[in-house]
Amino acid sequence: MARCLQLAKNGLGNTYPNPMVGSVIVYNDRIIGEGWHHQAGQPHAEVNAVNSVKDTSLLEKATIYVSLEPCSHFGKTPPCSDMIIAKGIKKVVIGTVDPFIEVAGRGIKKLMDAGCEVLVGVLEQECIDLNKRFFIFHQQKRPYIILKWAESLDGFIAPDAESRSTQAPVWITNKYSKQLVHKWRAEEQSILVGRRTVEADNPSLTTRDWSGASPTRIVLDRELKIDLESTIFDHTVPTLVFTEKEQSNSDNLKYITIDFTKNTIQQILDSLYKEGLQSVIIEGGSATLQQFIDAEAWDEARVFKGTTSFTSGIHAPKLKRAKTLKTEKLTGDLLVHYTHAND
C-alpha cells in the first residue's frame, strides 16, 4: 500500500476532479504490475496496473492493492470493480472507502458479491491524507483551503505604500521560495486574492516558474473597482470575480454576485463548491486572509519568513487554532507549515 501511495502522488495537480490513486499487483510477494491515475478521462490506476502485467495468467492468483476503493459506476471510464472481477482477481486490498456518493462502498460490495476477498483500511489515514482535497470537497461540500503568505522578520507582509516607488510587488522571499509557490499553483485548482492585492501588485496569479496548468483565478471585488486593464482580466485563465454588483460574463471571466454584508466566506465557499473547485490557495492580502482565519475556514497555512525587516507596513495575519506541522529552510528563507487544529 505504501507503494500505491508513492505512485498516486505522481498525479498531483493533474487528476481533478478525480482523486489521486495508485495500484500495485502482487504475486508470490513480488510486484508484477503497477500504475496510477494520470488524468481525468484516462484509465484509472487499476487498469494501468493490470495493463502493465506481462503474464496475465498470473492475475487469478494475484492480489491487487489500490489506495482508494475501485469505482463502481460508469463515468468517463468503465467501472474498475467490473474490470477486476472480469480479470479473475480474487484478492483485493483497499486503502480507504471512496467518499464520492456514486461509489461510497458500492465498489467494495460489488467485489464481495462476486466472491472476491476484500480487505479495507490498510494505511487508511495515509490514503485519506493523500486525497484530502477530494475528501473535504465531497464530505464538507467546500474546497480544501490553503492559506499562504510571506512576512518580514518583524511581521509585515508589505511595507507602507508611500515607501513603494512602483506597482511591482515587494519580494520578501528569494527565487527558490517563489519557484515553490509556482509549484503549489500547479497542484491546486484555484487561487484567491482581494481587491487591494490586485491594485497594489497587479499580479497575474498564473503558473510560470513551474511546469503545469494555471489555477482558476478568484478575486473579491465588492464594488467592481479594479481597473479592467489589470493583468487578471487578460482572459488567458478562467477567472471568477465575487461582487455585489451585476455584471455580464465574458470569455474566461465570470462574475458571481453575493451579499457582502453577511456570511461572506460561507457564500464564497458554497459558490466554489458549485464551480467544482476542490482546492483554493488564499494568497492575500492580509485582510482577506484574516477573514478566512476568523471564520475558521482554512485547513492548512504555509507561511514564509524572509530575512528583511520593514519596521512598519501592513501587518501579517494572525493564525488562530493553529498547530505547527513542520519548519524548513529554503536557502535563507524559513517556511512554516501549519494545520488547523479542529479539537
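Residues numbered from 1 in each chain as written. Predicted model: local features only at pLDDT ≥ 70, side-chain atom pairs only at ≥ 80, totals over all residues. Heavy atoms only, no water.

Here's the deal with the pattern of salt bridges
Argument step 1. Counting across every chain of the model gives 18 salt bridges.
Argument step 2. With a closest N to O distance of 2.9 Å, Arg222 and Glu244 form a salt bridge. Remark: Glu244 occurs in the loop between strand 10 (239-243) and strand 11 (253-257) and Arg222 occurs in the loop between strand 9 (216-220) and strand 10; sequence separation between them is 22 residues.
Argument step 3. The exposure class assigned to Glu244 is partly exposed, which follows from its relative accessible area of 33%.
Argument step 4. In this structure, a network of salt bridges that share partners links the residues Lys132, Glu300 and Arg302. (Salt bridge = Lys/Arg side-chain N within 4 Å of Asp/Glu carboxyl O. Helix = DSSP H or I, 4+ residues; strand = E, 2+ residues; numbered from the N terminus. Buried < 20%, exposed > 50% of the residue type's maximum accessible area, 1.4 Å probe, protein only.)

What about the pairing of strand 8 (residues 190-194)?
Argument step 1. Burial analysis of strand 8 places five of its five residues in the buried class, which makes it a mostly covered element.
Argument step 2. Burial of the side chains of strand 8 extends over both faces: Ser190, Leu192 and Gly194 are buried on one face and Ile191 and Val193 on the other.
Argument step 3. Each parallel crossover has a hand, and the one from strand 8 via helix 8 (residues 195-201) to strand 9 is right-handed.
Argument step 4. Where strand 8 meets strand 12 (residues 279-284), four bridges bridge the pair, whose relative direction is parallel. Following the sheet pairing, Leu192 is matched in strand 12 by Ile282. (Right-handed = clockwise from strand over helix to strand, strands pointing away. Pairing = 2+ DSSP bridges.)

Points about the packing of aromatic side chains
Argument step 1. Scanning all chains against the criterion turns up three aromatic pairs.
Argument step 2. Between Phe134 and Phe135 the ring centres are 6.5 Å apart and the planes differ by 80 degrees, which places this aromatic pair in the edge-to-face class. This pair shows no difference in class: Phe134 is buried, exactly as Phe135 is.
Argument step 3. Here the basic side chain of Arg302 rests over the ring of Trp184, its NZ or CZ set 4.6 Å away from the ring centre. (Phe/Tyr/Trp six-rings, centres within 6.5 Å; stacked < 30°, edge-to-face > 60°. Lys NZ or Arg CZ within 6 Å of the ring centre and 35° of its normal.)

Looking at helix 7 (residues 175-187)
Argument step 1. Helix length check: helix 7 (13 residues) gives 19 Å between terminal C-alpha atoms against 18 Å at 1.5 Å per residue, within 8%.
Argument step 2. Ser177, Leu180, Val181, His182, Trp184, Arg185, Ala186 and Glu187 are the residues of helix 7 that are buried.
Argument step 3. In this structure Asn174 caps helix 7, since a side-chain oxygen of it lies 3.0 Å from the backbone nitrogen of Tyr176. (Expected span 1.5 Å × (residues − 1). Polar contact = N/O pair within 3.5 Å; in protein donor to acceptor, adjacent residues only side chain to side chain.)

Observations concerning the UniProt feature "binding site: Zn(2+)" (unreviewed entry) in the protein
Argument step 1. Per the UniProt entry, the sites bearing "binding site: Zn(2+)" (unreviewed entry) are His44, Cys71 and Cys80 in this numbering. With the annotated positions falling across 37 residues, the maximum pairwise C-alpha distance of 9.1 Å places them together in a single cluster.
Argument step 2. Among the structural elements, His44 can be located in the loop between strand 2 (30-36) and helix 2 (45-51).
Argument step 3. Accessibility expressed as a relative area gives 18% for His44, which makes it buried.
Argument step 4. Contacts of His44, omitting those with residues within four sequence positions, involve Asn18, His37, Cys71, Thr77 and Cys80.
Argument step 5. Here Cys71 lies in the loop between strand 3 (63-68) and helix 3 (80-86).
Argument step 6. Excluding its chain neighbours within four sequence positions, the residues that come into contact with Cys71 are His44, Glu46, Pro78, Pro79, Cys80, Ser81 and Val103. (UniProt positions renumbered as here; feature names shortened; annotations may be inferred. Contact = heavy atoms within 4.5 Å.)

Focus on the nonpolar core
Nonpolar side chains tend toward joint burial in soluble globular proteins.
Argument step 1. Among the nonpolar cores identified, the biggest contains 30 residues, and Ile145, Leu147, Phe242 and Phe292 are the most heavily contacted of them.
Argument step 2. If you tally residues by element for this core, the top one is helix 9 (residues 264-274), at four residues.
Argument step 3. In this structure Ile145 touches Leu269, Val280, Ile282, Phe292, Ala297, Trp298, Asp299 and Glu300, once residues within four positions along its chain are discounted. (Core = buried A, V, L, I, M, F, W, Y, C linked by side-chain atoms within 4.5 Å.)

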